[in-house]
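Single-letter residue listing:
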Amino acid sequence: MLIRKATDLTYADVTPKPVYLNRRKFLQAMSIASATAVLSRRLYEFAAPSQTALAATKFSGLIKSPFSTTEKENSFENVTHYNNFYEFGTDKSDPAKNAQNFNISNWVVSVEGDVAKPRKLSMDEILKIAPLEERIYRHRCVEAWSIVVPWIGFSFSNLVKLVEPTPKAQFVAFQSYYDPRQMPQGRWAGIAFPYVEGLRLDEAMSPLTFLCVGMYEESLPNQDGAPVRMVIPWKYGFKSIKSLVKIKFQSKMPPTTWNIANPQEYGFYSNVNPNVPNPRYSQARERRLGEFFMRNTLMFNGYGDQVASLYNGMDLKKYY
Ligand SMILES: Nc1nc2c(c(=O)[nH]1)N[C@H]1C(S)=C(S)[C@@H](COP(=O)(O)O)O[C@H]1N2
Ligand SMILES: [Mo]
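Residues numbered from 1 in each chain as written. Chains lettered and ligands numbered in written order. Predicted model: local features only at pLDDT ≥ 70, side-chain atom pairs only at ≥ 80, totals over all residues. Heavy atoms only, no water.

Asks: Would you mind going over unusual backbone geometry with me for this structure?
Replies: Trans peptide bonds make up the majority, and among non-glycine residues the majority have a negative phi. Following Phe193, the chain continues into Pro194 via a peptide bond in cis, with omega recorded as 0°. When you line up the elements, Pro194 lands in the loop between β6 (171-176) and β7 (196-200). For the bond from Ala226 to Pro227, the omega torsion is -5°, close enough to zero to count as cis. Take Pro227: it is sitting in the loop between β9 (218-219) and β10 (229-231). (Helix = DSSP H or I, 4+ residues; strand = E, 2+ residues; numbered from the N terminus.)

If you want it as structure tokens, here you go:
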């Protein structure tokens, strides 16, 4: 154990927090290193200071999307301090604290499966796929809270066209990054990682389905799914998978994290539907963060004009 000396406190006082945290990890690793030479190398490797707390990129020249709601946006403070990101802990306040040093440098998203042109995309390449839009969406969690967020990104269909799915591709499977060393709180989350999600190909091609790289004119904060996530506004929030590393086109319906964890409560489709209650949460009403009175939840979260036809002839009580 590292003995905490008065000098450490002084260092903390004069050093910006992320640097201080890394220095502490470094010192801890070094003290262990001197004890056990063989183990030390590995411990040092994962505790070594990394390039973290990268400054947010400011986006300019964003296209204003015609799909934006005119409802009042939630505050940046709100949207970055009330999160679900179970890899970093299950409390709504955990991700803001625990994702601070998440290392997103050299990020690569593998796009693979039944496609003519599989790709491994860097963030620079992703940002060049299509012009960036600001798109203000309602976003509704199955836990009956909702927020309004100015996301930045572009329709996911742009990426789909880039890789040219073959006729076999009927579904898209998504996978999040997972590293228990960077996300130690995930061990206690009670769900399996890496987090996985999926869409039918026609759902993925909807112009509303959004590949998101930022919000409030900046790159995504770590707790909101940096550096790249999905946003699917007519479905419950858990479909909007964060910190994407893999996108796979395939013929079979992919497994999804919350369906695996609790199939009675969470189906593959998970369209916002006020008429189909979850066993624990009525879905009829919702609370917009920051508001006192609840409001009625709208079918497909109010996006029915654009997406209802995807489900023609389907019994949405059965396919929840
Ligand atoms: N990888 C991953 N993605 C995730 C989650 C998660 O725990 N892990 N939580 C989901 C849930 S339940 C919701 S409501 C939204 C929350 O997004 P936000 O924190 O940006 O509002 O992210 C979704 N994406
Ligand atoms: Mo959620």
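Asks: Looking at this structure, how should I read the pattern of salt bridges?
Replies: What the rule picks out here adds up to 19 salt bridges. Ionic pairing is found between Glu71 and Arg295, a salt bridge with its closest N-O pair at 3.2 Å. Placement of Glu71 in the loop between β1 (63-64) and α4 (76-79) and of Arg295 in strand β13 (residues 295-296) is noted, with a sequence separation of 224 residues between them. Look at Glu71 and you get partly exposed, because its relative accessible area is 24%. For Glu265, the salt bridge identified is with Arg280, shortest N-O distance 3.0 Å. In this pair, Glu265 is assigned in the loop between α9 (257-261) and β12 (285-288) and Arg280 in the loop between α9 and β12, connecting sequence segments 15 residues apart. Residue classification places Glu265 among the buried positions, given a relative accessible area of 13%. (Salt bridge = Lys/Arg side-chain N within 4 Å of Asp/Glu carboxyl O. Buried < 20%, exposed > 50% of the residue type's maximum accessible area, 1.4 Å probe, protein only.)

Asks: Is there a simple way to explain the packing of aromatic side chains in this structure?
Replies: Two descriptors summarise a pair of aromatic rings, namely the distance from one centre to the other and the angle between the planes of the rings. As enumerated under the stated definition, the model contains 20 aromatic pairs in all. Ring centres of Trp107 and Tyr177 lie 5.3 Å apart, and the angle between their planes is 40°; this geometry places the pair in the tilted category. In this pair, Trp107 sits in the loop between α5 (94-98) and β2 (108-113) while Tyr177 sits in the loop between β6 and β7, placing the two residues 70 residues apart along the sequence. Judged by its relative accessible area of 22%, Tyr177 falls in the partly exposed class. A network of ring pairs unites the aromatic residues Phe171, Phe268, Tyr269, Phe300, Tyr311 and Tyr319 as a single cluster. Across the ring face of Tyr303, the terminal group of Arg138 is positioned such that the distance to the ring centre comes to 4.6 Å. (Phe/Tyr/Trp six-rings, centres within 6.5 Å; stacked < 30°, edge-to-face > 60°. Lys NZ or Arg CZ within 6 Å of the ring centre and 35° of its normal.)

Asks: Honestly, the environment of Gly267 in this entry has me stumped. Any pointers?
Replies: Assignment of secondary structure puts Gly267 in the loop between α9 and β12. It is 5.1 Å that separates the C-alpha atoms of Gly267 and Tyr320, two residues lying 53 residues apart in sequence. Once residues lying within four places of it in the same chain are set aside, the contact partners of Gly267 are Asn259 and Tyr320. (Contact = heavy atoms within 4.5 Å.)

Asks: Looking at this structure, I do not really get the nonpolar core. What am I missing?
Replies: Most often, soluble globular proteins keep nonpolar side chains buried together rather than apart. Ranked by internal contacts, the top residues of the largest apolar core, which has 76 residues, are Trp151, Phe156, Phe174, Leu211, Trp234, Ile247 and Phe249. Take this core: its biggest share by element is 6 residues, from strand β5 (residues 145-155). Setting aside residues up to four positions removed in sequence, Trp151 forms contacts with Glu133, Glu134, Arg135, Tyr137, His139, Phe210, Cys212, Gly214, Met215, Leu220, Arg229 and Val231. (Core = buried A, V, L, I, M, F, W, Y, C linked by side-chain atoms within 4.5 Å.)

Asks: How should the site of ligand 1 be read in this particular structure?
Replies: The environment of ligand 1 is made up of 17 residues, and the closest members are Asn83, Tyr86, Asp224, Arg229 and Lys242. At a separation of 2.8 Å, an oxygen atom of ligand 1 approaches a polar side-chain atom of Asn83. Arg229 has a polar side-chain atom sitting 2.7 Å from an oxygen atom of ligand 1. For ligand 1, whose unbound accessible area comes to 530 Å², protein coverage reaches 98%. (Near = heavy atom within 4 Å. Polar contact = N/O pair within 3.5 Å; in protein donor to acceptor, adjacent residues only side chain to side chain. Areas by Shrake-Rupley, 256 points an atom, 1.4 Å probe, with all protein chains shown as cover.)

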